[in-house]
Amino acid sequence: MMFKQLLLAIVLPLFLLAGRAVAQDRQVTGRVTDSTGSPVANASVLVKGATTGTQTSSNGAFSLRVSSNATTLVISSVNFVTQEVPIGNGPVNVTLSSSANSLTSVVVVSVGYGTLEKREVTSAVTHLSSKDLLTVGGNGALMSMQGKVAGLSVVNTAPADPNSSPNIQLRGASSRNAGLGPLYVVNGIPGGNIDNINQNDIESIDVLKGGAASAIYGTRGGNGVIIITTKKGTGQPQAFYDGYTSFDFATNQLKVLSRDEFVKRGRGVDYGGNTNWFKAVSRDHATSTKHTVQFSGGSSKTNYLLSLDYRNAQGLDLRSAKREYGARLNLNHTSANNLYTVAVTIAPRYLKTSNASYGAFNQGITLNPTIPIRDTANPNRYYNIRTGFSGSYNPIEELNTVLSGTEGKYLDMSSSFRLNISKDLYTQLTVGEQTQDFFGFNFTPSYNTSLINSNGGRNTAGRDYNKNDQKSLEWIANYSLNLGPHAFKLLGGYSYFYANSSGLNASNQGFPSDVLTYNNLGTGAYNLLVGQNGVGSFKNDSKLISFFGRLNYDFGKKYFMSASVRREGSSKFGIANKWGYFPAASVGWRISNENFFSVPWISELKLRADYGETGNQDFGNYLSLDTYSGYGYYLYNGTSYQVWGPSQNTNYELRWEKSQNFNLGVDFDILKSVLSGSLNYYVRTNKDLLGSYNVPVPPNVQGTTFANVGTMKNTGFEVQLTAQAIRGKDFNYSLSFAGSTNENKFVSFSNETYRGQKFVDMVGMPSPGSPGTAQRLEEGRRIGSFYMLRSAGRDAVGRLLVYNKDGKIIPGNQASAADKQYVGNGLPRYTASLGNTLTYKNLDLNIYLRGTFGYKIFNTTAFYAGTPVTQSGANVLTTAYGDGKYAALTSPATYSSLSDYFLEEGSYVKIDNVTLGYNFKSPIKFVNSGRLYLTGRNLYTFTKFTTGDPESVQVNGLTPGINSSLSYYPSSLQLLVGLQFKF
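All figures in this text were calculated on a predicted structure; none of them were measured in a lab.

1. Overview of the domain arrangement of the chain
Next up, step 1: Domain annotation for the chain reports domain 1 (25-96) and domain 2 (108-235).
Next up, step 2: Computed over C-alpha atoms, the centres of domain 1 and domain 2 are 30 Å apart.
Next up, step 3: Of the roughly 360 Å² buried where domain 1 meets domain 2, counting both sides, 45% is carbon and sulfur surface.
Next up, step 4: Taken together, the connections running from domain 1 to domain 2 amount to zero salt bridges.
Next up, step 5: Counting only elements with at least two residues in the side of domain 1 that touches domain 2, the list comes to β3 (53-55) and β4 (61-67).
Next up, step 6: When residues in the side of domain 1 that touches domain 2 are grouped by element, the largest group, three residues, is from β3.
Next up, step 7: Of the residues in the side of domain 1 that touches domain 2, the class split is one nonpolar, three polar and one charged.

Encoded structure:
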């Protein structure tokens, strides 16, 4: 309530002051061109000393409302020299010259609690503007930066699922049990909600990779920081529309036996039907539409931006869908004398989803194609399936009759007040609140065949409500001091963060009617019958308090230094370790500014090095405390009683995971921005990794304790390049490249207190049979190491042959766990992307290639459903018969023998994104310009992987390169057509 009142107190004066500011304005128009006379689109036009401005249109024109006392415009654009021009009585026409120095260009980088010019940055930071982002139709705005940042892995194994979100990981895996994702900072609010961001609202994204950059965020900066800045209002009234329709088609499909092939191979009983189950559970294509409308305007002192968006998306399966609509309002006001600046952001979003069924596509691969969808004896019912793999069911019935989804609401609010105490000193208070409400639902009707044959047709329903609320307060002060060649910037601040999660759930069965579905749970008779209430609830919270400071020093624009420290306390930690320090330091040397440097073809050269300590407290609440929980129900004298007991051991020494980050880098510019970029080498050592470790009982009440034990190390090399290959009056061609390597080693499971085992077996594979585990995490080795039998081929009777521990060849079914060995790794060693941008007059073409290299994938589908001895009654891949290596495994004796026979090369290169655009002048009087664009995504994949899209197998996290079940979602080729207008 306090936060809402504070926001209200700030917003009301803002509207009152807006009216006064507009009355003092005047209109300034002009045009911006380059040295060849070509228009410079999207150039920034700002009033000097003010915070508002506008951008040039596609023909370089601009119109800006300024205050009567404004005298100078600052005009800038990437790769051009910034110019200040006086405001006269007529149009302001400006010619920008190419920047001879990309590091002194106008790029401003967010570095956490402030900004620096690119030349001042001494840590590893990658900056992306909105124009650098990919055109993507899908869920999650950050998919638009996939492959754009060296060392940042953005993976969505099911992009055609409208409810899926990308998994994001920076510079490799860093923890066993705590979170692996970076911290998101949205408009200055740490812990920002990236699911409530429309891509059209993004102004820029800054990725803090170096430890010195992310250490200012302490225990939340251990996995890197991504700072997202949304667009602000312009100085002139204008409107923008962007709308697209996309079509997703299943691609890289898995091919299985047809009905006739199934019968011919004697795979199972012929039930007389002819069903292509994969096609039956799928839409021919998934259609999605999205519309965005933005309104912006104001004056040199007060501006606004209102963005509205609507999206209606389908998935490839018959049920999945998502409908959402959201808004974002950004208000900014600066007083007439520049004493203070007030900013307010309000962003609501509403959504309703229907969940995808990944299991349906599993059934689509493995179900007997002779089984009909409907029961031939009773066409009103679906066929009840009892053959094939254990747990088989009719997926068409599930998708058509079972309701499963969520109704959700987001509300993000923030406001800041900046007080300019003097020319060189200001203080700023920022408050924010983010609320998420999700109301899930599920319902299975009484006529569902599975229910009829399992519980006599007792319908089931449930609801679950989850509420998450975050409140934050950031108070900073910045002081700048210039003493000749010496320049100082001093930051000090305080941060408060409170998170609260609560929820409840209820379920019941045996409703008198299916009509009300999940909307009247109290009418179900089952809970009363068995003496249980079917209701649960929870609530937990956490608090984070921090004090921090940073000093930036610049001597003569040649030598740069930055040092910071953050002291932070978290309620999650044990009583003995509530507080911690996170120091950082970095230096930079701009060699090209030295008098002795005289290499004419090198325009810029800067060396930098940084070290920073960060933490990770992204784990559950109360894990250091004594807690009790329920252990089911005990029936006594006809009454069910809840059993309670201690649920965990205490650990008052529990503390944050610590990450020690070293980065060495170089920034360069060659031949006046013909080639520019950066190189980085990093070493990150994560210590005190959180995990559950075995302890004796007694004296402990549980057999495991959650403790800080273990060390992991990541090293790598990153390359980020931009090249202006051709620069002409009508035709331009530029390239961008991002590439990285990653070497990982799990160093230790033990410390002075806990002596853990040397390894942990991971990724247990399900039945049929007893395949065991597929990977092992062991000291001294990379994560993702496949630990299984080493194949020696097959014998004349189709048995899988393997090497035992003594190197002798034996049949796979005669091997034991002692014969397992390391046979490959699922963690990619290299990633790379190549962007090509070509413009000719009003046409532009972007071709984007992306690849991942140097890793193995375990072919789970081939292992379970890709050999002739796959379980009887189940369908198989077409490669199970013929001349392939999987077709040669004809002996059922070694069917469940887990070996590297099923490891395949996972490397791939994708024609990932191709966009063709045409910019045109609108014939309509009130429309300034338009743009028509066509995009193709995931157009083709070059790979040796034989079963589907290799990107459908997750490579982030602790178990990369393997899916532990047959459940999956098809890869898709997306075609998108869109239209934009500026008014």
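There's plenty left to go through after this.
2. Considering the environment of Ser175
Next up, step 1: Relative to the helices and strands, Ser175 resides in the loop between β12 (167-170) and β13 (183-186).
Next up, step 2: The class of Ser175 is buried, set by a relative accessible area of 1%.
Next up, step 3: Placed 417 residues apart in sequence, Ser175 and Ser592 show a C-alpha to C-alpha distance of 40 Å.
Next up, step 4: Those residues within four positions of Ser175 in sequence are excluded, and the remaining contacts are Leu180, Asn616, Glu657, Leu689, Met712 and Leu958.
Next up, step 5: There is a polar contact of 3.4 Å between the side chain of Ser175 and the backbone nitrogen of Asn177.
Next up, step 6: Of the polar contacts made by the side chain of Ser175, one reaches the backbone nitrogen of Ala178; its length is 3.0 Å.

3. Side note on the nonpolar core
Next up, step 1: If you look at the biggest cluster of nonpolar residues, it comprises 42 residues, and the most contacted ones within it are Met765, Phe858 and Phe902.
Next up, step 2: Of all elements in the fold, only β41 (759-765), β42 (772-778), β43 (785-788), β45 (800-803) and α9 (860-865) reach the threshold of two or more residues within this core.
Next up, step 3: When residues in this core are grouped by element, the largest group, four residues, is from β41.
Next up, step 4: For Phe858, the contacting residues outside a window of four places in its chain are Met765, Phe786, Met788, Phe863, Leu898, Ser899, Phe902, Leu903, Gly961 and Ile962.
Next up, step 5: Counting 23 residues, the second largest nonpolar core, distinct from the first, contains Val136, Ala141, Leu142 and Val154.

4. Comments concerning the UniProt feature "domain: TonB-dependent receptor plug" (unreviewed entry) in the chain
Next up, step 1: The UniProt feature table records "domain: TonB-dependent receptor plug" (unreviewed entry) at residues 118-225.
Next up, step 2: With 4% helix and 25% strand, residues 118-225 has end C-alpha atoms that lie 17 Å from one another.

5. Comments concerning the sheet that holds β3
Next up, step 1: Within the open sheet, the four strands sit side by side as β3-β2-β5-β6. Their pairing is antiparallel. This sheet does not close on itself; its edge strands, each paired only once, are β3 and β6 (83-86). Sheet twist, expressed as the mean angle between neighbouring strand axes with direction ignored, is 20 degrees.
Next up, step 2: In this sheet, β6 lies alongside strand β5 (residues 72-76) in antiparallel orientation, the contact comprising four bridges. Bridged to Leu73 within β6 is Val85.

Criteria and thresholds
- Residues numbered from 1 in each chain as written.
- Predicted model: local features only at pLDDT ≥ 70, side-chain atom pairs only at ≥ 80, totals over all residues.
- Heavy atoms only, no water.
- Domains from an automatic or database assignment.
- Buried area = accessible area lost by both parts, 1.4 Å probe.
- Salt bridge = Lys/Arg side-chain N within 4 Å of Asp/Glu carboxyl O.
- Helix = DSSP H or I, 4+ residues; strand = E, 2+ residues; numbered from the N terminus.
- Nonpolar A, V, L, I, M, F, W, Y, C, P; charged D, E, K, R; others polar.
- Buried < 20%, exposed > 50% of the residue type's maximum accessible area, 1.4 Å probe, protein only.
- Contact = heavy atoms within 4.5 Å.
- Polar contact = N/O pair within 3.5 Å; in protein donor to acceptor, adjacent residues only side chain to side chain.
- Core = buried A, V, L, I, M, F, W, Y, C linked by side-chain atoms within 4.5 Å.
- UniProt positions renumbered as here; feature names shortened; annotations may be inferred.
- Pairing = 2+ DSSP bridges.
- Axes fitted to C-alpha atoms, helices over the stretch in contact; angles between N-to-C directions.

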